[in-house]
Amino acid sequence: MNRREFSKASSLIGLGLATGTSLAARDAASAIEQGFYKEASRKLPARQFDVVVVGGGTAGVIAAIASARQGAKTALVEAKGYPGGVAVEGGTALHSFYNLWKAFPGVEKRQLVRGIPAEMVDRLTARGGATGYAEMKIHYEYDSVCTAIDTEKYKLNAFEMLDEAGVYICVNTLMAGAVMDKDLVQGVILESRSGREVIFAKSFVDCTGYGDLAFHAGAEFKEPNDYAVVNSMGLANVDIERYYHFLASSDSVGQLAYGVRSGIPGQIVRLGSEGSNGYPEGFVTGAREIGMSSISTTVHDDYLMFIKLNLKLPQSPTDRDTVAKAELELRKRMQTGVELFNKFIPGFERAFMSRTSPNLVIRRGRLITCDYDITHEDVIDGRHFEDDVFVYGFHDLAPRLQIKDGGSYGIPYRALCVKNISNLFVSGMMITSDHRAHMSTRNTVSCMGQGQASGTAAALCAQNDQGSRELPFQTLREALEQGGVYFEN
Ligand SMILES: Cc1cc2nc3c(=O)[nH]c(=O)nc-3n(C[C@H](O)[C@H](O)[C@H](O)COP(=O)(O)OP(=O)(O)OC[C@H]3O[C@@H](n4cnc5c(N)ncnc54)[C@H](O)[C@@H]3O)c2cc1C
């Protein structure tokens, strides 16, 4: 078809006079009513489980393992092709299994988070995929230990632990809706290349980070949009020792830990300056323009990861089109970031970007309203509750804000029970609306601890035909203790 014929055919279609395609176009136009299309109802394949965990990220992996180990028939639904979530896509290190003993002389060193989260890291460390609990040498007022990970081994480790626990794993599967009966979630609607389906269950755990299931279930939520969105890169072909000497020559090493790197103990596994100290002016200006922060960790020679590029959005990243623009902008920023390292920082002359996150991440999106909202005072004063489900002791704002006397605070069971819904638990970055309290509860190891609690509770509720508020707390506490969870009350 030449240009003339093409424009004639197009105008016929526009007038609805051509055959075939034009009819389809007319039908489509009439099907759209004021910008909406009414989807026809259809029969979906349906299955029944005891517990469904939605979101196989930091918290969800642990929740699903906990639920399955409790003997519940458990399904895990994860949108990506692997489990791990932001633990393998965002952070500097897993913060933190310990109390801040180093910052408080005389305070006992205590491993606060044990159970399945610790098992995950111990297994990973044994296969060369984590530094274990490497003690910080500098900046230990912020974090006494550094647990850096190999992100690819973490994914495999998590996958294997889920499989061994007997979890029915649905990866590459999006949870797209909830089937509700008053205050009960009955099922979740899933989309994958196998088609649309529904899984019914007795108890549900939302570990989607953004609270997607709670949102579909009609739960109350807030969306404060008070953080930048981030993508982070791993840089390979880096001479870590030269980088260290460059920072050390101006007394600018701000964060430092030694641990096992490429199988050899006593190597640098965490490195960075405090703020922009020690970096050349051109680098500082360029990094500021693209929102780049350079504190980094590694478990491999010649490689540093989680160098972050930040971008503040005008609205919360639950808006697809805003996110699409931001994804492009962040990829531009990452490219500029590598070039700045290549140009200005000794040891990075030939570095290249060897990993990025598959999508941008944020420190908090939707915050789901639960029966209890953990406060800043709860965290800082080291409060414990009658219904503690585990204890935690790290704060992102340390040393400015620390848990009293280097101790711990408790996460209460009520903080995981979604308000006004009888069989839905949440875990991860979507709990706690207080900004400063959230700077503690959102950290990876807290999310993992929450996951063990919510997964265990969901399984017990399903097995005993109880709603989340009917479960006797003592039953949960005993099950958590049997699962290795450590308590301080
Ligand atoms: C930039 C950044 C840096 C950070 N740095 C640190 C740090 O250094 N140390 C630290 O301890 N913490 C850090 N954190 C905090 C911590 O990493 C997160 O709060 C935590 O990992 C969140 O865990 P989560 O389980 O709530 O969510 P995620 O780990 O994001 O898990 C959610 C999972 O749900 C899946 N999902 C979402 N929606 C659906 C759906 N509809 N259907 C199916 N699957 C779905 C996602 O694919 C994902 O795998 C950082 C966070 C960010 C964003």
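Refer to the structure above for everything that follows.
Not measured: the values here are computed from a predicted model.

**A few points about the pairing of strand β23 (residues 388-392)**
Here's step 1: For β23, the tally of buried residues reaches five of five residues, placing the bulk of the element in the interior.
Here's step 2: As judged from the four bridges shared by β23 and strand β24 (residues 409-412), these two strands associate in the antiparallel manner. Each residue of the ladder has a partner; that of Asp-388, found in β24, is Pro-412.

**Quick word on the pattern of salt bridges**
Here's step 1: What the rule picks out here adds up to 27 salt bridges.
Here's step 2: Across the salt bridge formed by Glu-135 and Lys-102, the nearest N and O atoms sit 3.1 Å from each other. Taken as a pair, Glu-135 in strand β6 (residues 134-138) and Lys-102 in the loop between β5 (74-77) and α4 (115-126) lie far apart in primary sequence, 33 residues in all.
Here's step 3: A relative accessible area of 32% places Glu-135 in the partly exposed class.
Here's step 4: Here the residues in one salt-bridge network are Lys-102, Lys-109 and Glu-135, joined through shared partners.

**Section: the site of the ligand**
Here's step 1: The environment of the ligand is formed by 35 residues, the closest being Glu-78, Thr-92, Ala-93, Arg-442 and Thr-444.
Here's step 2: Backbone polar atom of Arg-442 to an oxygen atom of the ligand: 2.6 Å apart, as the coordinates give it.
Here's step 3: When the ligand sits alone it has 1000 Å² of accessible area, and the protein chains cover 94% of it.
Here's step 4: For the shell around the ligand, the secondary-structure elements that each account for two or more residues are α3 (58-69), β9 (174-181), β21 (361-362) and α12 (444-463).
Here's step 5: Classifying every residue of the shell around the ligand by side-chain character gives 14 nonpolar, 15 polar and six charged.

**Re the nonpolar core**
Here's step 1: Val-52, Met-120, Tyr-154, Val-188, Val-389, Tyr-413 and Leu-424 are the most contacted members of the largest nonpolar core, which has 101 residues in total.
Here's step 2: Looking at this core, the element that brings in the most residues is α12, giving ten residues.
Here's step 3: Among all residues touching Tyr-154, those that are not within four sequence positions of it are Gly-84, Ala-87, Val-88, Leu-94, Met-120, Leu-124, Ile-149 and Met-448.
Here's step 4: Grouped together as the second largest cluster of nonpolar side chains are 40 residues, Val-238, Leu-256, Ile-307 and Leu-309 included.

**Here's the deal with the packing of aromatic side chains**
Here's step 1: All told, the structure shown has 13 aromatic pairs when counted by the stated rule.
Here's step 2: Centre to centre, the rings of Tyr-142 and Phe-394 are 5.4 Å apart; their planes meet at 70°, and the pair counts as edge-to-face. Within this pair, whereas Tyr-142 is found in the loop between β6 and β7 (145-146), its partner Phe-394 is found in the loop between β23 and β24, the two being separated by 252 residues in sequence.
Here's step 3: Classification of Phe-394 by relative accessible area gives buried; the value is 1%.
Here's step 4: Among the aromatic side chains, those forming a connected cluster through ring pairs are Tyr-243, Tyr-279, Phe-283, Phe-341 and Phe-348.

**What to know about unusual backbone geometry**
Here's step 1: Cis geometry marks the peptide bond from His-95 to Ser-96, where omega comes out at -25°.
Here's step 2: Mapped onto the fold, Ser-96 is located in the loop between β5 and α4.
Here's step 3: Omega for the bond connecting Ala-398 with Pro-399 falls within 30 degrees of zero, at 5°, which places this linkage in the cis form.
Here's step 4: Its place among the elements puts Pro-399 in the loop between β23 and β24.
Here's step 5: One non-glycine residue with positive phi stands out, namely Asn-172, at about 55°.
Here's step 6: Tracing the backbone through its elements, the reader meets Asn-172 in the loop between β8 (168-170) and β9.

**Things to note about α4**
Here's step 1: In this model α4 runs 17 Å from its N-terminal to its C-terminal C-alpha over twelve residues, within 8% of the 16 Å that 1.5 Å per residue would give.
Here's step 2: Considered for burial, the residues of α4 that qualify are Gly-115, Ile-116, Pro-117, Ala-118, Met-120, Val-121 and Leu-124.
Here's step 3: Two residues or fewer after α4 comes Gly-128, characterised by a positive phi angle close to 75°.

**Remarks on the packing of α12 against helix α13 (residues 473-482)**
Here's step 1: At a minimum axis distance of 10 Å, the contact between α12 and α13 shows a crossing angle of 125°. Taken together, the axes of α12 and α13 lie oblique to each other. Between α12 and α13 lies a crossing of right-handed hand. For the pair α12 and α13, contact is made by Gln-452, Ala-453, Thr-456, Ala-457 and Leu-460 and by Thr-475, Leu-476, Ala-479 and Leu-480, respectively.

**Quick word on the environment of His-384**
Here's step 1: Structurally, His-384 can be placed in the loop between α10 (376-380) and β23.
Here's step 2: Between the C-alpha atoms of His-384 and Pro-412, which are 28 residues apart in sequence, the distance is 7.9 Å.
Here's step 3: Residue contacts for His-384: discarding those within four places in its chain leaves Val-391, Ser-408, Tyr-409, Gly-410, Glu-488 and Asn-489.
Here's step 4: One polar contact links His-384 to Asp-388, side chain to side chain, over a distance of 2.8 Å.
Here's step 5: Within the structure, His-384 has its side chain in polar contact with the backbone oxygen of Ser-408 (distance 3.1 Å).

**Some words on the sheet that holds β9**
Here's step 1: Spatial strand order, β3-β11-β10-β9: four strands in an open sheet with mixed pairing. Only two strands of the sheet have a single partner each, and these edge strands are β3 (46-48) and β9. Averaged over all pairs of adjacent strands, the angle between strand axes in this sheet comes to 25°, irrespective of strand direction.
Here's step 2: As paired strands, β3 and strand β11 (residues 195-200) are joined by three bridges and run parallel to one another. Residue Gln-48 lies in a different strand from β11, and its bridge partner there is Phe-200.

**What to know about the sheet that holds strand β12 (residues 203-206)**
Here's step 1: Strand order in the open sheet formed by five strands is β8-β5-β4-β12-β25, with parallel pairing between adjacent strands. The strands lining the two open edges of the sheet, one partner per strand, are β8 and β25 (424-426). Going across the sheet, the axis of each strand differs from the next one's by a mean of 15°, ignoring polarity.
Here's step 2: Of the strand pairs in this sheet, β12 and β25 are connected by three bridges, and their pairing is parallel. Bridging from a neighbouring strand, Val-205 pairs with Phe-425 of β25.

Reading guide: rules and limits
Residues numbered from 1 in each chain as written. Predicted model: local features only at pLDDT ≥ 70, side-chain atom pairs only at ≥ 80, totals over all residues. Heavy atoms only, no water. Buried < 20%, exposed > 50% of the residue type's maximum accessible area, 1.4 Å probe, protein only. Helix = DSSP H or I, 4+ residues; strand = E, 2+ residues; numbered from the N terminus. Pairing = 2+ DSSP bridges. Salt bridge = Lys/Arg side-chain N within 4 Å of Asp/Glu carboxyl O. Near = heavy atom within 4 Å. Polar contact = N/O pair within 3.5 Å; in protein donor to acceptor, adjacent residues only side chain to side chain. Areas by Shrake-Rupley, 256 points an atom, 1.4 Å probe, with all protein chains shown as cover. Nonpolar A, V, L, I, M, F, W, Y, C, P; charged D, E, K, R; others polar. Core = buried A, V, L, I, M, F, W, Y, C linked by side-chain atoms within 4.5 Å. Contact = heavy atoms within 4.5 Å. Phe/Tyr/Trp six-rings, centres within 6.5 Å; stacked < 30°, edge-to-face > 60°. Expected span 1.5 Å × (residues − 1). Axes fitted to C-alpha atoms, helices over the stretch in contact; angles between N-to-C directions. Parallel < 35°, antiparallel > 145°, perpendicular 65-115°, else oblique. Left-handed = near helix turned anticlockwise from the far one by under 90°.

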